[in-house]
2 protein chains.
Amino acid sequence: MTYDLLSGTRIIESSAFIAAPLGGLTLAQMGADVIRVDAIGGGIDYRRLPLMPEGRSIYWTSLNKNKRSIAIDLKRAEGRELVADLVTAPGDGGGILLSNIPAKWLDPAALAKMRPDLISCLIEGNPDGTTAVDYTVNCATGIPAITGDGSVDRPVNQALPAWDLACALQASTAIASALVRRKQTGQGAQMRLALADTAFSLLSHLGILTEAELLPDPRTAIGNDIYGAFGRDFGTADHQRLMVAAISLRQWQALVEACDMADAIAAIERTTAMDFKKETDRFEGRDLIAALVKQWCRSRTLAEIALAFDRAGVCWGRYATTREALANDPRLSASNPVFERVRTEGVGAHLSAGAAVRIVGDERAPVHPAAKLGADTDTVLAEVLGLSSSEIGRLHEKGIVAGPDAAEPS
Amino acid sequence: MTYDLLSGTRIIESSAFIAAPLGGLTLAQMGADVIRVDAIGGGIDYRRLPLMPEGRSIYWTSLNKNKRSIAIDLKRAEGRELVADLVTAPGDGGGILLSNIPAKWLDPAALAKMRPDLISCLIEGNPDGTTAVDYTVNCATGIPAITGDGSVDRPVNQALPAWDLACALQASTAIASALVRRKQTGQGAQMRLALADTAFSLLSHLGILTEAELLPDPRTAIGNDIYGAFGRDFGTADHQRLMVAAISLRQWQALVEACDMADAIAAIERTTAMDFKKETDRFEGRDLIAALVKQWCRSRTLAEIALAFDRAGVCWGRYATTREALANDPRLSASNPVFERVRTEGVGAHLSAGAAVRIVGDERAPVHPAAKLGADTDTVLAEVLGLSSSEIGRLHEKGIVAGPDAAEPS
């Protein structure tokens, strides 16, 4: 955990893939004790790509840092009861379940009978409980139809699993909000959150839905142009690429100044009767503006452009691969307090992010690298369920639980 | 507001664009009383595209539903003091500020002196406080370099402002979490959240950062293929397009069954020594698999495919524009409890989303369409600051505040 906003809160996470694990990670970084329950040998996502050459999943370890791990035989009734016990164990901060596994044996309604103040958040694909993943929801949103420049004869999926990310953070917001109410009234909350609802509701919040319903002309693919203002990517003389945004008037004026194009812009405005001080006219006349900026950028190196842009206060950024950003961007380094270097077992030393939010004056605890599967089996059973070491030993003997050596797949 | 998890909580939002307004909207949909403060005549985002023909912004009204609106002259000291008074007004649920406007006169540290339990979340572009927007952060993440199929000689921006969405929901999580601590200990929290930190930390959580740091081969643009498993888009005989995902073993087996390709797959597995029951081999051999699925899909209509896929339990989705989805997808209609039809002033009747999360057994209050600018000026001044009607009248006369008729731009 990295901050203490949710300290004293215990969340049982029974999950796989991105949305639920990232929701749990986010709450862990706010200070919750998040205990991820996995099958002995690991769940369906335990070996997902990318993998280290020796086999450990970078995917899994990245999404499951800052958590504790308990490995349980989920196929046997005794193991399943153990999970239910963990979820419903007494204590003010307990009684919280985050899951994306719609298992009958982990039914939130049944668990709420055992602990009426239970807070549960079950992440589903579709609101009717049927399966959907980021990619099969994304295709239905219309976003791939407006991504790219329209030059290829098929929709363009975003490489980022953006709906999974949003779903995770919507779930963490809902759980923290439910905790606020429970602290106030003692009331629990049985919540369901569909990935599809997350995506479609965000289309509504962004205005894309209402635009599609009420305006005659559908939104089209406009490449790297920013919708509704001026902004686009440009090449430099030394074959670098950058993104420029002139959304606010100040950003626009800075761009005009930096590219020394005030006269040319004034001439275009006279000819076209547009007023580029207006955002909508900048969008309308973006090709005319872009032609000037393109010309200016392609005869200068990135270093020359950076100097001129920063002096004038242009809002811009440089395109980089993730690896280039890691090598060159100070925001993506241990000099940024959000990041630190950690050592994850089976992965090695690497940069890792703690909570993205910074709390002025609050202590920031270090990132706890992803545990080995079952690393916390015994402590969790003792702490949360109050089991004695002989009871825990019996569970190991029967193969109901496993510790870090027995829990890992061979 | 649509649920009561945060009822009794009052948030003052001083914001523009997406991240802060969407953070406020999310908390409003959890039940908070979110009061958006705007300059008389509207802030920088009040006229953003898309616009209704009569001029009202679909963008602004979509992001600012479920909130109250107060219009204040923010250029004058008396107006600025009024905002500070709103933020620091007494009461258990008050003392919360969400902002992305780094104004000196709205300095969280100064406000915290007036109300020590203040919870503030200031959204910034970069962690050093300099400007950055979704597009100028996105270019630095490496995601545009792996979006698209690599056939165009430039990076591909995602059309979705995904980092803004994530930043909004990270902020709402942080504020709700800080509320949990304040309820427990009385302590406030002065939080800063940079859009860039949101993006880069998510790269870390997704494993993309560690992959770039530790693995020799960088991730490349693989078009609409799903990284790490099997999944891709396919065309149908009737010129529709669909997305198939075979991430889990069950999804894979369903696809093999639906496309009647068990023999062909077995033959490929023998020839190549791959085992498509393994996710990593499905990814490795994805072109071989895709060739079979492509052949199968392109000789069938969407209706035929849908029948076969659904019968077998394939995880798939149909590509649609947002408008097509609105016309055909029941998940995107008033029959889905997350959605309802509302009437927004200046926009008209349209489908709108409430909270994406559903709480079993809890009452769901209707969506409150975006208020006219300044619609709640008088009630907010009376309720929050306890001003008398003559005091409020004096503020109107001096032009320090404005109601819905005077506040709108001409």
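Residues numbered from 1 in each chain as written. Chains lettered and ligands numbered in written order. Predicted model: local features only at pLDDT ≥ 70, side-chain atom pairs only at ≥ 80, totals over all residues. Heavy atoms only, no water.

1. Some details on the pattern of salt bridges
Taken as a whole and assessed by the stated rule, the structure comprises 54 salt bridges over all chains. Note that arginine 241 of chain A and aspartate 233 of chain A form a salt bridge whose closest N and O atoms lie 2.8 Å from each other. (Salt bridge = Lys/Arg side-chain N within 4 Å of Asp/Glu carboxyl O.)

2. Details of the packing of helix α1 (residues 19–29) of chain A against helix α6 (residues 162–185) of chain A
Residues and elements named next belong to chain A. At a closest axis distance of 8 Å, the pairing of α1 and α6 adopts a crossing angle of 50°. The angle between α1 and α6 falls in the class oblique. As α1 packs across α6, the resulting crossing turns out to be right-handed. Two secondary-structure elements touch here, α1 through Ala19, Leu22, Gly23, Thr26 and Leu27 and α6 through Asp164, Leu165, Cys167, Ala168, Leu169, Ser172, Ile175 and Ala176. (Axes fitted to C-alpha atoms, helices over the stretch in contact; angles between N-to-C directions. Helix = DSSP H or I, 4+ residues; strand = E, 2+ residues; numbered from the N terminus. Parallel < 35°, antiparallel > 145°, perpendicular 65-115°, else oblique. Left-handed = near helix turned anticlockwise from the far one by under 90°. Contact = heavy atoms within 4.5 Å.)

3. Brief notes about the relation of the copies chain B and chain A
Mapping chain B onto chain A calls for a rotation angle of 180° and an axial translation of 0.0 Å; the resulting RMSD is 0.0 Å. Overall, the copies show the geometry of a two-fold rotation axis. When C-alpha distances to the rotation axis are compared across chain B, the minimum falls at threonine 173 of chain B, with a value of 2.1 Å. Take the interface residues of chain B: 100% of them recur as interface residues in chain A, which is what a same-surface contact looks like. (Least-squares fit on C-alpha atoms with pLDDT ≥ 70 in both.)

4. Here we look at the domain arrangement of chain A
We note that the domain assignment places domain 1 (10–204 + 332–402) and domain 2 (241–318) within chain A. Taking only C-alpha atoms into account, the centre of domain 1 of chain A sits 44 Å from that of domain 2 of chain A. (Domains from an automatic or database assignment.)

5. What about helix α12 (residues 286–298) of chain B?
All names here are of chain B. Under the 1.5 Å per step criterion, the end-to-end length of α12 is 18 Å for 13 residues, consistent within 8% with the ideal 18 Å. Within α12 the residues assigned to the buried category are Arg286, Ile289, Ala290, Val293, Trp296 and Cys297. Projected onto a plane normal to the axis of α12, the buried residues spread over an arc of 125° and lie on a single side. Considering only its buried residues, α12 is in contact with β7 (230–235), β8 (241–246), α9 (249–258), α10 (262–272), α11 (279–284) and α13 (302–312). (Expected span 1.5 Å × (residues − 1). Buried < 20%, exposed > 50% of the residue type's maximum accessible area, 1.4 Å probe, protein only. Arc of directions from axis to C-beta.)

6. Observations regarding the packing of aromatic side chains
Using the criterion set out here, one finds 13 aromatic pairs over all chains in the structure. Note on tyrosine 46 of chain A and tryptophan 60 of chain A: the rings are 4.8 Å apart at their centroids and 75° apart in plane angle, and the pair reads as edge-to-face. Here the residue tyrosine 46 of chain A occupies a position in the loop between β2 (33–39) and α2 (58–63), and tryptophan 60 of chain A occupies one in helix α2, the gap between them amounting to 14 residues. Considered together, tyrosine 46 of chain A and tryptophan 60 of chain A belong to a single accessibility category, that of buried residues. Here the aromatic rings of tryptophan 252 of chain B and phenylalanine 276 of chain B are separated by 5.8 Å at their centres, their planes lie at 80°, and the arrangement is edge-to-face. (Phe/Tyr/Trp six-rings, centres within 6.5 Å; stacked < 30°, edge-to-face > 60°.)

7. A look at unusual backbone geometry
Residue proline 50 of chain A is reached from leucine 49 of chain A by a cis peptide bond, and omega for that bond is -5°. Among the secondary structure elements, proline 50 of chain A is positioned in the loop between β2 and α2. Although it is not a glycine, histidine 239 of chain B sits at a positive phi angle of roughly 60°. Considering the arrangement of structural elements, one finds histidine 239 of chain B in the loop between β7 and β8. With a relative accessible area of 75%, histidine 239 of chain B lands in the exposed category. Positive phi outside glycine occurs at alanine 273 of chain B, with the angle close to 60°. Within the fold, alanine 273 of chain B resides in the loop between α10 and α11.

8. Looking at the sheet that holds strand β1 (residues 10–14) of chain A
Picture the strands of a sheet paired through backbone hydrogen bonds; they go either parallel or antiparallel. Taken together, the 8 strands give an open sheet; going across it, the order is β13(A)-β3(A)-β2(A)-β1(A)-β4(A)-β5(A)-β6(A)-β12(B), and neighbouring strands pair in mixed fashion. For this open sheet the edge positions go to β13 (401–402) of chain A together with β12 (357–359) of chain B, each flanked by a neighbour on one side alone. Sitting on the sheet, helix α3 (residues 77–88) of chain A touches β1, β2, β3 (67–72), β4 (96–99) and β13 of chain A, and the angle it makes with β3 of chain A is about 150°. With respect to the sheet, helix α15 (residues 377–385) of chain A is in contact with β1, β2, β3 and β13 of chain A, its orientation differing from that of β3 of chain A by roughly 95°. (Pairing = 2+ DSSP bridges.)

9. What about the environment of leucine 160 of chain A?
All names here are of chain A. If you trace the backbone, leucine 160 turns up in the loop between α5 (134–138) and α6. Take leucine 160: its relative accessible area is 1%, and that puts it in the buried class. Spatially, the C-alpha atoms of leucine 160 and aspartate 134 are 9.6 Å apart, while their sequence positions differ by 26 residues.

10. A few points about the sheet that holds strand β7 (residues 230–235) of chain A
All names here are of chain A. Reading across from one edge, β7-β8-β9 is the order of the 3 strands in this open sheet, with antiparallel pairing throughout. Across the chains shown, the open sheet's two edge strands, defined by having one partner strand only, are β7 and β9 (315–318). Each neighbouring strand pair of the sheet contributes to a mean axis angle of 15°, computed without reference to strand direction. Of the strand pairs in this sheet, strand β8 (residues 241–246) and β9 are connected by 4 bridges, and their pairing is antiparallel. Bridging across to β9, leucine 242 finds its partner in arginine 318. Sitting on the sheet, helix α9 (residues 249–258) is in contact with β7, β8 and β9, with an inclination near 130° to β8. Packing against the sheet, helix α12 (residues 286–298) makes contact with β7 and β8, and its axis sits at approximately 30° to β7.

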